[in-house]
Amino acid sequence: MAKSRDRNAGGQALEPVAGNGLIDRRALLGRGMVLAGAMGAGIGPASAAAGAEPLADDPWSLEIGDPTPLYQVPSKFEAKVVRTLSNPNHEPRNSHSRTPHHLLEGTTTPNGLHFTINHGGVPTIDPDKHRLVIHGLVKRPLEFTLETLSRYPMVSRAAFVECGGNSAPMFSPEPMQENVQALHGLASCAEWTGVRLSTLLEETGIDPSAKWFIAEGADSPHLSRSVPMKKALDDAMIALYQNGERIMPGNGYPMRLLLPGYEGNMNVKFLRRIKLVDQPAMSFYEARTYSPILPSGKAYRFYFLQEVKSFITSPSHGASLKGPGLYEISGIAYSGTGRIDKVMVSADGGQSWAQAALEEPVLSKAFTRFRMPWRWNGGPATLQSRAWDEGGNVQPTRAEFVAARGELTKPAPVLAFPNQHYNSITSWGVASNGEVKHVYA
Amino acid sequence: MFTPERATLAASFLLALMTGASLAEAPNLGKPIDEAAIANWDISILPDGTGLPKGSGTPAQGAPIYAEKCSACHGDSGKGGVANALVSDRKIDGISASQKTIKNFVGDSTTIFDFIRRAMPFQAPRSLTDDEVYALTAYILAENKLIGANDTMNAETLPKVKMPNRDNFIIRFPDRI
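Keep in mind the model is a prediction, meaning the values are calculated, not measured.

**Looking at the overall build of chain A**
- Secondary structure assignment for chain A yields nine helices and 25 strands.
- Relative to the compact-globule value of 22 Å for 441 residues, chain A shows a C-alpha radius of gyration of 24 Å, a close match.
- Each principal axis of the C-alpha distribution contributes one length, and for chain A these read about 80 × 65 × 40 Å.
- Across the 441 residues that make up chain A, the buried fraction comes to 49%.
- A fraction of 72% describes how many contacts in chain A between residues 6 or more apart in sequence connect residues 24 or more apart.

Next up, the structure:
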């Protein structure tokens, strides 16, 4: 029935490809035409035009606008597009800010909305006084300034950074009634520019006994993490720029370690010291925080990897669909092991699946935007996405994830981190009244 | 004649050539600095005790320091407050991270010294002397009954403290190390 109504401008049918209204993603190739055709088929252009108000000039079209600022910020009408804060009164504890994925599009997180976690406030670092020292098991210890690093060959790459505790509310045994910002807001993606760590290590030389390096920040907790030398010689970067401008204070100004695909906490901010060593330091964060407890009572250590994951950002929890019709399901997929290979979407809680379109370019260890056309028939629907990466890793179903990693016996506070490294499927339930809520399916 | 000395020389020469070749492509602007100049920043402690400074402390010496500088957040005798409990006999049951304590989870005693020295007290990090850090570490370990009430913690004794949960970890991705 729906099939006969859904035709594009060429009169071709929009093929349903899975249950509950999912439409062939090839319809997206001529998306404007398809939407026009589908809308037209539903509404009827002649009747809609009949009682339309005549268009008038608004005040802003009749007077000179505001002066041009030195550094522009978003329109005042976008004041709700902000991060949420876990510690707004700056109490003496950690502070988290979460990215509003449901209010953003594309794959690049604007710098002002990139998530941050700081463990002792945001330090105010004088870039002229900041130093990076590389020492320990090297042939010659060296000290670098921001100015000297700026003379080195630079590389730019997109990379997501995700807290190892992102999505932790989903360890709860029932679906927390929270939006995608609260659930998954501790992940963001930017273009980072800087100097490869391997370039600097060529200059210091590496003692063959070096197996790890310890990275340390200039913030008040002197945050410190151990990283295998394998990563140092692979794609580790001393990042100096974030989306083309100097790194934001909350993201590690004036320089941070970037370890593409690895747990956010390891991407040490305000980086001031790298020490090559023969064993991991077992610092607080690797010994305790980022060692998740398993159902067996043992715990994982050195998790490092942010595994393949995806979630739908639109529509998502808190949205209200305005009547049946054609919608685009859109979301984000990423994997710490490489590129996203494919994303499957379901509108019937996983009973049937269809392959989503991926926005090009699909970059390694970066956000990939997926899209899926969907005709909502006004009945209950459960929207899900599931990602595969180029290494053949697949995002686990909730049942698979809980079987391997367990779940809590009762819900935890949404801001708590009851466990780490959750990467299972997120489900959004659409009710007949159009309300979208977080569900487990 | 080929001798080991000549071989070494030749190898050094080759290495110099190779190093020279690779360095020629970078601006080579790192300023040499010796470990003595880095010492004040070099606060990394390894589980085998590497990096532990001179000095020592006992639980009795740590108790008054704890009461003055730590208890406001971590509670009397480490029982917990706005910040985590440091002394607890809680057992782990289920996967919740909120159960983690020094005694039931942390695998290496050096982690305690390292974290106190680099990050505590929260409002005044790096304000404690090394003796004070040893004393606080000793106090916390003794309150947890992981060392005796009269044991002294120093660079030699601290790494030998056996933590109960030490062998209870699984390396998640061994091929990445």
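Next comes the rest of the write-up.
**So, the domain arrangement of chain A**
Residue and element names in this part refer to chain A.
- Taken as a whole, chain A is organised into domain 1 (2-43), domain 2 (132-289) and domain 3 (309-439).
- Each of domain 2 and domain 3 has a C-alpha centre, and the two are 28 Å apart.
- Counting from both sides, the interface comprises 26 residues of domain 2 and, opposite them, 30 residues of domain 3.
- Elements with a contribution of two residues or more to the side of domain 2 that touches domain 3: β8 (155-162) and α5 (180-184).
- For the side of domain 2 that touches domain 3, a count of residues per class yields 16 nonpolar, eight polar and two charged.

**Here's the deal with the sheet that holds strand β10 (residues 212-217) of chain A**
- In space, the six strands of this open sheet follow the order β11(A)-β10(A)-β15(A)-β6(A)-β7(A)-β1(B), with mixed pairing throughout. The sheet is open, and its two edges are formed by β11 (224-228) of chain A together with β1 (31-32) of chain B, each paired on a single side.
- Pairing between strand β6 (residues 132-136) of chain A and strand β15 (residues 271-277) of chain A: four bridges, direction parallel. Across the sheet, A:His135 pairs through a bridge with A:Lys275, a residue of β15(A).

**So, the confidence of the model for chain B**
All names here are of chain B.
- The share of residues in chain B with pLDDT of 70 or more is 86%, and the mean pLDDT across the chain is 90.
- Contacts for the low-pLDDT stretch residues 1-24, under 50 throughout, to residues beyond four places or in other chains number five contacts.
- The complex prediction reports pTM at 0.92, with the ipTM value standing at 0.91.

**Side note on the sheet that holds strand β3 (residues 84-85) of chain A**
Residue and element names in this part refer to chain A.
- Across the sheet, which stays open at both edges, the three strands sit in the order β3-β4-β5 with antiparallel pairing between neighbours. Sheet topology places β3 and β5 (116-118) at the edges, where each strand pairs with a single neighbour.
- Judged from the three bridges that link them, strand β4 (residues 95-98) and β5 form a sheet pairing that is antiparallel. Paired with Ser97 across the two strands is Thr116, which belongs to β5.

**A look at the pairing of strand β25 (residues 436-439) of chain A**
Residues and elements named next belong to chain A.
- Because side chains alternate across β25, one face comprises the buried residues Val436 and His438, and the other comprises Lys437 and Val439, none of which is buried.
- Judged from the four bridges that link them, strand β24 (residues 427-430) and β25 form a sheet pairing that is antiparallel. By the bridge assignment for β25, Val430 is matched with Val436.

**Concerning the packing of helix α5 (residues 110-119) of chain B against helix α6 (residues 130-143) of chain B**
All names here are of chain B.
- Relative orientation of the contacting elements α5 and α6 amounts to 130°, with a least axis distance of 9 Å. By the criterion of interaxial angle, the relationship of α5 to α6 is oblique. When you trace α5 past α6, the crossing you get is right-handed. For the pair formed by α5 and α6, the contact residues are Ile112, Phe113, Ile116 and Arg117 on the first element and Val133, Leu136, Thr137 and Ile140 on the second.
- Looking at the contact of α5 with α6 residue by residue, the class counts come to six nonpolar, one polar and one charged.

**Considerations on the interface of chain A and chain B**
- Taken together, the contacts link 55 residues of chain A with 49 residues of chain B.
- When residues of the side of chain A that touches chain B are assigned to their parent elements, the largest contribution, five residues, is made by helix α6 (residues 197-204) of chain A.
- Across the side of chain A that touches chain B, the residue classes tally to 29 nonpolar, 15 polar and eleven charged.
- Where strand β16 (residues 299-301) of chain A meets strand β4 (residues 169-171) of chain B, three bridges bridge the pair, whose relative direction is parallel. Within β4(B), the position partnered with A:Ala299 by the bridge is B:Phe169.

**Some remarks on unusual backbone geometry**
All names here are of chain A.
- The linkage connecting Tyr253 with the following residue, Pro254, adopts the cis geometry, with an omega of 0°.
- With respect to the helices and strands, the residue Pro254 is situated in the loop between β13 (245-246) and β14 (256-258).
- A positive phi is found at Met282, a non-glycine position, where the angle reads about 55°.
- Checked against the element boundaries, Met282 lands in the loop between β15 and α8 (284-289).
- Even without being a glycine, Phe304 presents a positive backbone phi close to 60°.
- When you line up the elements, Phe304 lands in the loop between β16 and β17 (309-314).

**Overview of the pairing of strand β9 (residues 187-196) of chain A**
Residue and element names in this part refer to chain A.
- Among the ten residues of β9, nine are classified as buried, and the element is accordingly described as predominantly covered.
- With eight bridges connecting them, β8 and β9 associate as antiparallel partners. Bridge pairing links Ser156 to Thr193 in β9.
- Relative to strand β12 (residues 237-242), β9 runs antiparallel, the two sharing five bridges. Its bridge partner lying in β12, Gly194 is registered against Ala239.

**With respect to the nonpolar core**
- Counting residues in each nonpolar core, the largest one holds 137 residues, and the members touching the most others are A:Phe213 and A:Ile238.
- The biggest single contributor to this core is α6(B), with nine residues.
- Here A:Ile238 is in contact with A:Leu132, A:Leu149, A:Gly194, A:Val195, A:Leu197, A:Leu200, A:Met255, A:Leu257 and A:Leu271, once residues within four sequence places are set aside.

About the cut-offs
Residues numbered from 1 in each chain as written. Chains lettered and ligands numbered in written order. Predicted model: local features only at pLDDT ≥ 70, side-chain atom pairs only at ≥ 80, totals over all residues. Helix = DSSP H or I, 4+ residues; strand = E, 2+ residues; numbered from the N terminus. Rg over C-alpha atoms; globule rule 2.2 N^0.38 Å. Buried ≥ 20, exposed ≤ 12 C-beta atoms within 10 Å, placed from the backbone. Contact = placed C-beta atoms within 7 Å. Domains from an automatic or database assignment. Nonpolar A, V, L, I, M, F, W, Y, C, P; charged D, E, K, R; others polar. Pairing = 2+ DSSP bridges. pLDDT = per-residue confidence, 0-100. Axes fitted to C-alpha atoms, helices over the stretch in contact; angles between N-to-C directions. Parallel < 35°, antiparallel > 145°, perpendicular 65-115°, else oblique. Left-handed = near helix turned anticlockwise from the far one by under 90°. Core = buried A, V, L, I, M, F, W, Y, C linked by C-beta atoms within 7 Å.

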